[in-house]
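So you can see what is in the structure, the chains are spelled out below.
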Amino acid sequence: MTVILPLLFLLTAISGTAVVLVRDPARQVFAIAVNGLVLAILFDALQAPDVALSELAVGSAAVPLLFLVALMAVRAQPPEEES
Amino acid sequence: MSPRVRVALLALAGLVLLPGAAEVIAGLPPFGSTIAQYGARINAITPEARHVANMVSAINFDLRGLDTLGEEFMLLAAITGTVVLLRGRRGEGTTGRAMRRPGRAVIPRSEAVVLACRIAGPLTALFGLYVVLHATVTPGGGFQGGVILASGTLLIYLGEGYAGWRDAIRSHWLDALEGGGALLFALCGLVPMLTGAAFMQNILPLGTFRDLFSGGLMLVENLGVALAVTGGFTQLFLEFMEETREADAPEEPGEESA
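Anyway, here's the lowdown on the structure attached to this text. These numbers were taken from a predicted model, which means no experiment stands behind them.

This next bit is on the overall build of chain B. Helix and strand counts for chain B come out as 8 helices and 0 strands. Starting at the N terminus and walking to the C terminus, you meet the elements of chain B as α-α-α-α-α-α-α-α. Residue burial in chain B is summarised as follows: out of 258 residues, 38% are buried. The contacts in chain B between residues at least 6 apart in sequence include a share of 74% that link residues at least 24 apart.

Its location among the elements puts N54 of chain B in the loop between α2 (37-50) and α3 (55-63). A polar side-chain atom of N54 of chain B sits 2.9 Å from the main-chain carbonyl oxygen of T138 of chain B.

As enumerated under the stated definition, the model contains 4 salt bridges over all chains in all. For the salt bridge of R64 of chain B with D67 of chain B, the shortest nitrogen-to-oxygen distance reads 3.1 Å.

Moving on, we come to α3 of chain B. Residue and element names in this part refer to chain B. M55, S57, A58, F61 and D62 are the residues of α3 that are buried. The buried side chains of α3 occupy one side of the element, clustering within an arc of 150° when seen end-on. Buried positions along α3 lie against α2, α4 (65-87), α7 (171-194) and α8 (217-242). For α3, the capping residue at the N-terminal end is N54, with a side-chain oxygen 3.2 Å from the backbone nitrogen of V56.

Attention now goes to helix α3 (residues 49-75) of chain A. Between the first and last C-alpha of α3 of chain A there are 37 Å, a value that for 27 residues agrees with the 39 Å anticipated at 1.5 Å per step. Most pronounced at A62 of chain A, the bend in α3 of chain A amounts to some 30°, and the proline P64 of chain A follows within four residues.

The next thing to look at is the packing of helix α6 (residues 142-168) of chain B against α8 of chain B. All names here are of chain B. Where α6 contacts α8, the axes come no closer than 8 Å and their chain directions differ by 35°. The interaxial crossing formed by α6 with α8 has right-handed handedness. Residue-level inspection shows G142, F143, G146, V147, L149, A150, T153, L154, Y157, Y162, W165 and R166 of α6 in contact with α8, the latter providing N222, V225, A226, V229, T230, F233, T234, F237, L238, M241 and E242. In terms of residue class, the contact of α6 with α8 is built from 15 nonpolar, 6 polar and 2 charged.

Here the focus is a nonpolar patch on the surface. All names here are of chain B. Residues L66, L183, L187, L190, V191, M193, L194, F199, I203 and L204 make up a contiguous nonpolar surface patch of about 930 Å² in total accessible area. The greatest single-element share of the nonpolar patch, amounting to 6 residues, is contributed by α7. In this fold, M193 is placed in helix α7. For M193, a relative accessible area of 45% corresponds to the partly exposed category.

Cut-offs used in this document
Residues numbered from 1 in each chain as written. Chains lettered and ligands numbered in written order. Predicted model: local features only at pLDDT ≥ 70, side-chain atom pairs only at ≥ 80, totals over all residues. Heavy atoms only, no water. Helix = DSSP H or I, 4+ residues; strand = E, 2+ residues; numbered from the N terminus. Buried < 20%, exposed > 50% of the residue type's maximum accessible area, 1.4 Å probe, protein only. Contact = heavy atoms within 4.5 Å. Polar contact = N/O pair within 3.5 Å; in protein donor to acceptor, adjacent residues only side chain to side chain. Salt bridge = Lys/Arg side-chain N within 4 Å of Asp/Glu carboxyl O. Arc of directions from axis to C-beta. Expected span 1.5 Å × (residues − 1). Bend = angle between axes of the 7 residues up to and from the residue. Axes fitted to C-alpha atoms, helices over the stretch in contact; angles between N-to-C directions. Left-handed = near helix turned anticlockwise from the far one by under 90°. Nonpolar A, V, L, I, M, F, W, Y, C, P; charged D, E, K, R; others polar. Patch = residues over 30% accessible without salt bridge, like charges linked within 9 Å, V, L, I, M, F, W, Y side chains within 5 Å. Areas by Shrake-Rupley, 256 points an atom, 1.4 Å probe, with all protein chains shown as cover.

In structure tokens:
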């Protein structure tokens, strides 16, 4: 456990920074999903399986899907029809 | 607001908030130390008092059930607000089926994706049901299970495309799910009052420890939360996808859509 926790904190920091640094929205969605996954593992390691399950369901599945759908909807809009 | 004012505001907020935050952090028990006293007491009391193995459920749905009821209605209000925003001028009358967007290409799906979604969708839904039903014995519960159930419906969308998804999922069913779930939760608080008990008092038999049917009212409340969350999240997806689509004119029904 002594090695795992610092490693997970490091991964959380790296993936969280990646979410901020990645500028392309489509890639950012996947960065958020990865960050959610890392956080879920961290919560599980800290003995909070309830929170881990919530984070896994919301942070790495539902929210990225919602963002992807919104992005798709925005891209499908042809620019000439905007008025 | 100019960038300078923003930075000044941030500095001001930091001046106010940071000393308090530092105080609280200094007062916390050291990281990784033994479980907090409150947790230890809960662990000692709840198995006997409520016959449930999942203490988090016992706190969320029984000891502090009123808080969860408030959260439930927060979720309801948030989703209602989002739906009102996204529907905009489309209004209410046009949500029965997939809306057509002129010139929108139907994206072809590979058969592998369709097959994977047809296998994974029902399995995901089954797992969601499992998480909801085992709220009092395993980590998880209504909220987590509800989100998993909603992801299950999204897998149908990935596999079958938007038109197929809308054929299976009706907007007013989702409204009923969401509102009905919240109503069920509220009734769990009100019905005990009819018997002379307090608001949200656990009047159902508590069952045996570690049994699926333990915890009495907690199971019903979890079911309410699961219904509301499944309906709410699916409704959100639906409204996001519908947002950029124009409403069909009523005289051309039943057209294929992307």
